[in-house]
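# Examining the three-dimensional arrangement
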Amino acid sequence: MTAAFLIMMLLLSLTGCTDTSRYKLGRGLYWLNNRQKAAVYYDPNGIDLNSAGDPIEYASEENAEFEAYLDECFKDVVTSDSLAYHNNVYDGSVYGITPPEATLGDSSYAEADVEKEKEEYEESCKRLLSFENKPLTKEERFIYECMVKEAEVGRHLFDNIYLLEPFSPMRGIQADMPSSFINFRLENKSDIELYIELLNQWKDYFDVALEFEYVKSDAGYFMSDKVADVVIEQCDEFIQEKENHFLIQTFDETIDGFDFLTEEEKQSYKEQNRDAIFNSAIPAFEDVKKTISELKGTGKNENGICYFKGGKEHYESYCFPKYTGSSKSVGEEITIMDNREIDEVMDIQIMAELSRDAVMYYSDNYSNLYDEYDKMDPTELIDGIYEKCKGDYPEIESIPYSVHYMSKPLEKIEDTTLAYYMAPPLGDLENNLIYINGAHPSGMWLTLAHEGIPGHMFQNAYYLSTDPEPYRAILTNLGYMEGWAVYSSYSSLYKCDFGGSEYAQDVAKLSILNTDLAYLTYGRIDLGVNYEGWTLEDVENYLVKSGRSKDMAEDLMTIVVGDPGVYLSYSVAYYEMEEMRKYAETELGDKFVTQEFNKTVLDAGPCYYINLKKKIDEYIRDNK
């Protein structure tokens, strides 16, 4: 019997969990690799050792200088622009912070601006590395190592500035700005006025970034024609409903719900918002369309980033680790993926032989396996999943949250997004938000387990409940966060009874294999196109060889060319999380406890997997 695995588009975007790392523009710092990389090991007596094999002596009291440095980093991040402030802190005065003047930040890629930021970045990293041999507490040492790892990866971002794409289809300004403003927290007059003031800055902000597209074109680094077509289509989608624009509709609906405004004030704010849409937001997207259309055809490369000078190195040193959290090489990961595909197909074939009835049930009922859950109220489903799964996770007080559906226009703009979780700012932890794309109503169990509980929302809420250092509380690591969300949502399927099916456990396993094979396929194509140099024909051959239709080849190639590394957070990052668990299970045997392992991962907070392994090693050592 041939195993049937139905490949589904399951790209779950974490829109709203902004990368607020101080090193987001990590430029230069080539000397960073020359430091003695401190790795933690354990001797048989359980003593922490550094990479030289010497015992680590932790300070008994916090290092005031290091704590001051962390505080500076925190304040630098949250005051870098108005969105960073608004999204990260509810009340800056709690942290001694004055809100920045209304600004979207600097979107310039001019050589002088890049050089200035590089110098500032290098100076900050020099300060960071000055703590290498200074006394730090155990927690401070962990934070330090996490920051160093972030810097080691971040420095590669601007190795070749022309490889940056401010208008990429999934991560670009035009893709992110609409949802950022849809999700903008409006609670008082100051919020409303800031929103309108920032909206009026869109055109200038976009236009400054668009100047870089001409520079890229002259240098031979402009985007491919197919990617340009996607960006142009996004712009058309944004500007088509001018009088009934979704940013006008959603703003008006929100304003009408405020009882602290008079009718005159409501009307005034609505008119100001409408003017900002017509005079700034829509013209900004018209400028993007005009520029991209004008430059379309000047691109020299229709294939992956590796065809650009320095592109392969940039992909391996920045894109791959940044979006996966992994310290493996791309070559190692290619081998892992190829072997994993063989193993998972074999698992399905074995199940087809040993659990034939279950496989037939899964195949025959595939389209309605989740019908019962898709019809449930989202809040009821999230709460139900948590009730079934909570024994596998550390205890936490109730998580206040609300679920909303995207507006109809945004559904189309965010078509590849099934749902997303938006974390609350520090000081307002009760406003966890989940947005659902109503255009994709099926498979809600896995979607809401991923975005809600035990996925992103649980991870964020639990970590903040541990009262982490403010700077760490606002930092993200996409590999860790998506790795956790995929791992925990997969685990939740074993708690699903699939409508009372006698084959529930087998159906759960088949669902996981099916979904994981989809992620693997997309991730492998990402690696093939951007690292190995696969052409469209190569992608088609890979799909056919894997038993899939080649009809999806062109769309998949356009996605991975436009946003290199985009699929890796859902494949490679999960493999890293899974590897951590298998490692702990092997080391502890009967002493392994799922809840304790999960607590260890969650207590660590977002970080690279090389840092997380330190915490897992400690967990193993303490429980052997």
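Let me begin by describing the structure that accompanies this report. Source: prediction; values computed, not measured. Residue numbering note: each chain is counted from 1, following its sequence as written. For this predicted model, a pLDDT threshold of at least 70 governs which residues receive local features, and a threshold of 80 or more governs which side-chain atom pairs are given and counted, while totals over whole chains, interfaces and linings are taken from all residues. Computation of side-chain values covers all heavy atoms of the structure but excludes hydrogens and water.

### Concerning the overall build of the chain
The line we're drawing: Secondary structure follows DSSP: runs of H or I at least 4 residues long count as helices, runs of E at least 2 residues long count as strands, and numbering of each begins at the N terminus. The reference for a compact globule is 2.2 Å times residues^0.38; the radius of gyration itself is calculated from the C-alpha atoms. Burial here depends on accessible area, computed with a 1.4 Å probe over protein chains only, as a share of the maximum for the residue type. Under 20% is buried, over 50% is exposed, and the range in between is partly exposed. In this description, contact between two residues means that some pair of their heavy atoms is separated by no more than 4.5 Å. Calculation of accessible area relied on Shrake-Rupley with a 1.4 Å probe; when residues are assessed, cover is drawn exclusively from the protein chains displayed. In this count, Lys and Arg are taken as positive residues and Asp and Glu as negative ones, while His and the chain termini are left out. Where a charge lies is defined by one atom per residue type, namely NZ (Lys), CZ (Arg), CG (Asp) and CD (Glu).
Of regular secondary structure, the chain possesses 26 helices and 5 strands. Its C-alpha atoms give the chain a radius of gyration of 24 Å, within 12% of the compact-globule value 25 Å for 624 residues. Split into buried and exposed, the 624 residues of the chain put 56% on the buried side. For the chain, restricting intrachain contacts to residue pairs at least 6 apart in sequence, the fraction spanning at least 24 positions comes to 78%. Carbon together with sulfur atoms contributes 47% to the accessible area of the chain, which is approximately 26,500 Å² in total. In the chain, 56 side chains carry a positive charge and 117 a negative one; their mean positions are 4 Å apart.

### A look at the environment of serine 465
One can find serine 465 in helix H18 (residues 456-465). Among the residues examined, serine 465 registers a relative accessible area of 47% and is labelled partly exposed. Taking the C-alpha atoms as reference points, serine 465 and isoleucine 396, 69 residues apart in sequence, are found 7.8 Å from one another.

### With respect to the packing of aromatic side chains
Using the following cut-off: Pairs were defined over the aromatic rings of Phe, Tyr and Trp, the Trp ring being its six-membered one, requiring ring centres within 6.5 Å. Orientation was assigned from the angle between planes: stacked under 30 degrees, edge-to-face over 60, tilted for the rest. The criterion for a charge sitting over a ring is simple: Lys NZ or Arg CZ within 6 Å of the ring centre, and within 35 degrees of the ring normal.
For the structure on display, the rule yields 39 aromatic pairs. Both rings, one in tyrosine 522 and one in tyrosine 567, keep their centres 5.0 Å apart while their planes meet at 35 degrees; by these two values the pair is tilted. Taken as a pair, tyrosine 522 in helix H21 (residues 504-532) and tyrosine 567 in the loop between helix H23 (553-562) and helix H24 (568-588) lie far apart in primary sequence, 45 residues in all. Exposure remark for tyrosine 567: the relative accessible area of 3% places this residue in the buried category. Three or more aromatic residues joined by ring pairs make a cluster, and in this case those are Phe167, Phe181, Phe184, Tyr195, Trp202, Phe206, Phe238, Phe246, Phe251 and Phe285. Directly above the ring of tyrosine 608 sits lysine 149, whose terminal nitrogen or CZ lies 5.8 Å from the centroid. When the ring centre of tyrosine 323 is taken as reference, the NZ or CZ atom of arginine 171 above it lies at 3.8 Å.

### Some details on the pairing of strand S5 (residues 432-436)
Worth spelling out the cut-off: Strands were regarded as paired on the criterion that DSSP finds at least two bridges between them.
By the criterion of burial, S5 is predominantly enclosed, with 5 of the 5 residues buried. Here S5 shows no split at all, with Asn432, Ile434 and Ile436 on one side and Leu433 and Tyr435 on the other all buried. In this structure, strand S4 (residues 419-422) lies alongside S5, joined through 4 bridges in antiparallel fashion. Note that in S5 the partner of methionine 422 across the bridge is leucine 433.

### Focus on the sheet that holds S5
The line we're drawing: Orientation is described by lines fitted to C-alpha atoms, with helices fitted over the stretch in contact, and by angles between N-to-C directions that extend from 0 to 180 degrees.
The strand order across the open sheet formed by 3 strands is S3-S5-S4, and the pairing between neighbours is mixed. Looking at which strands have only one partner, the edges of the open sheet turn out to be strand S3 (401-405) and S4. Each strand axis lies, on average, 20 degrees off the axis of its neighbour in the sheet, ignoring direction.

### Brief notes about the nonpolar core
Stated formally: By convention a nonpolar core is built from buried Ala, Val, Leu, Ile, Met, Phe, Trp, Tyr and Cys residues, the set being connected through side-chain atoms within 4.5 Å.
Residues Trp202, Phe206 and Leu612 are the most contacted members of the largest nonpolar core, which totals 162 residues. For this core, the element with the most residues is H21, which contributes 15 residues. Dropping the residues within four chain positions of it, leucine 612 is found in contact with Tyr480, Met577, Met580, Val601, Ala604 and Cys607.

### Concerning the side chain of aspartate 191
What counts here: Note on definitions: salt bridges are taken to be side-chain nitrogens of Lys or Arg within 4 Å of carboxyl oxygens of Asp or Glu.
Looking at the secondary structure, you find aspartate 191 in helix H6 (residues 189-199). An unpaired buried charge is present at aspartate 191: no salt bridge exists, and arginine 185, the closest side chain of opposite charge, is 4.8 Å distant. The residues contacting aspartate 191, other than those within four sequence positions of it, are His86, Phe184, Arg185 and Leu186.

### Notes on the pattern of salt bridges
Enumeration according to the criterion identifies 33 salt bridges in this entry. Residue aspartate 229 pairs with lysine 296 through a salt bridge whose shortest N-O separation is 2.6 Å. With aspartate 229 in helix H8 (residues 225-239) and lysine 296 in the loop between helix H10 (263-295) and helix H11 (311-324), this residue pair connects regions lying 67 residues apart in the sequence. Residue classification places aspartate 229 among the partly exposed positions, given a relative accessible area of 36%. Its relative accessible area of 35% is what places lysine 296 among the partly exposed residues. The salt bridge involving arginine 340 is made with aspartate 516; its shortest N-O contact spans 3.0 Å. With arginine 340 in helix H12 (residues 330-354) and aspartate 516 in helix H21, the pair connects residues that are 176 residues apart, well separated along the chain.

From the geometry alone we can't say anything about function, so treat these as descriptive.
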